[in-house]
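# Observations on chain architecture
So you can see what is in the structure, the chains are spelled out below.
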Amino acid sequence: MKEINKRLFTNGAVYVLYTEDNYPIEVTDTFLPYYTKDAIEKKQNMLTSYDIGNRGERYLIGISCMSGCPVKCKFCATGKLKKWRNLTAEEIVEQVKFITQKNVEFPFTEAKEHKINYTRMGEPFLNIDNVRRAVEKVEFVYPGTHHYISTVGIKGSDFSWIKENITLQVSLHSLDEERRNELIPYPNKMTIEELGQIRTQSNLKTTVNLTLVDEADFDIEKLKKYFDPKYFFIKLSPINVNDISEKNGLGKGIIEGVNLV
Ligand code: SF4
């Protein structure tokens, strides 16, 4: 894989890599102070001081499981890519190696928390065989990694393998089914009620991610009805504004805090 571009932040970087056959993929390398991990107790995970920590604390690698994505969420820049393809397990693992080799002074497995977010380009459950093989391979090379798999909820998905240090995030974005269908225009996905029935054996609760575009997308009664707090953790995220989200008139969303500084 070739590095084509990068954007540096105080606490990390976003890289654009090209596969051997010239498909672009995005990989992120970020770190945060350890206290931001305790979002449940603190009710938020924003930075509360200028101390941004280092990769010995929370070392987070965001990887892609596809180049492009057929789901085409209305706020996602991936949608502007004209073509897409699944990545192989080797290409997924290579992204992790790419980042760890950039930071040899901070061995990945020695961080207090070392986590891989399957949250960049692509829907993991539409490339599930490669993603599962990649999880196994990463676990072999970097034991104890926390794997955080984010999905829009593809109908018929098997969640039985989501256990222990593997955690699931489901993208909800709106508690109005019709509005959710607009924001995530992929037809073969689970309903809000079906998402609420997901149970895993992860060490952590399943995250319900709400990238809130409008206040009207939030409905506390439906949230309480479908998502039992015993099994779900609710996360509110900002929109990463990009040309696709702007073209679709989604603005900045209603959440202001970001942890890329
Ligand atoms: S599933 Fe993820 S990568 Fe695909 S369009 Fe939606 S947000 Fe983007």
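Structure's up top.
Keep in mind it's a predicted model, so treat the numbers as computed, not measured.

### Overview of helix α2 (residues 89–102)
In an α-helix, one full turn covers 3.6 residues, which means residues spaced three or four apart are oriented alike. Taking 1.5 Å of rise per residue, the 14 residues of α2 would be expected to cover 20 Å, and the 21 Å separating its terminal C-alpha atoms lies within 8% of that figure. Every buried residue of α2 is listed here: Ala89, Glu91, Ile92, Val93, Gln95, Val96, Ile99 and Thr100. Tucked into the core, α2 has its buried residues touching β3 (24–32), β4 (58–62), β7 (113–118) and α3 (128–141).

### A short note on the pairing of β7
Both faces of the sheet carry side chains from a regular strand, because those side chains alternate between them. Along β7, the buried face is formed by His114, Ile116 and Tyr118; none of Glu113, Lys115 and Asn117, which line the opposite face, is buried. As paired elements, β4 and β7 share five bridges and run parallel to each other. Pairing of Arg58 across the sheet is with Glu113, part of β7. Note: β7 against strand β8 (residues 146–151), four bridges, orientation parallel. Each bridged residue has a counterpart across the sheet, and for Asn117 the counterpart in β8 is Tyr148. With α3 bridging β7 and its parallel neighbour β8, the resulting β-α-β unit is right-handed.

What counts and how
- Residues numbered from 1 in each chain as written.
- Predicted model: local features only at pLDDT ≥ 70, side-chain atom pairs only at ≥ 80, totals over all residues.
- Helix = DSSP H or I, 4+ residues; strand = E, 2+ residues; numbered from the N terminus.
- Expected span 1.5 Å × (residues − 1).
- Buried ≥ 20, exposed ≤ 12 C-beta atoms within 10 Å, placed from the backbone.
- Contact = placed C-beta atoms within 7 Å.
- Pairing = 2+ DSSP bridges.
- Right-handed = clockwise from strand over helix to strand, strands pointing away.

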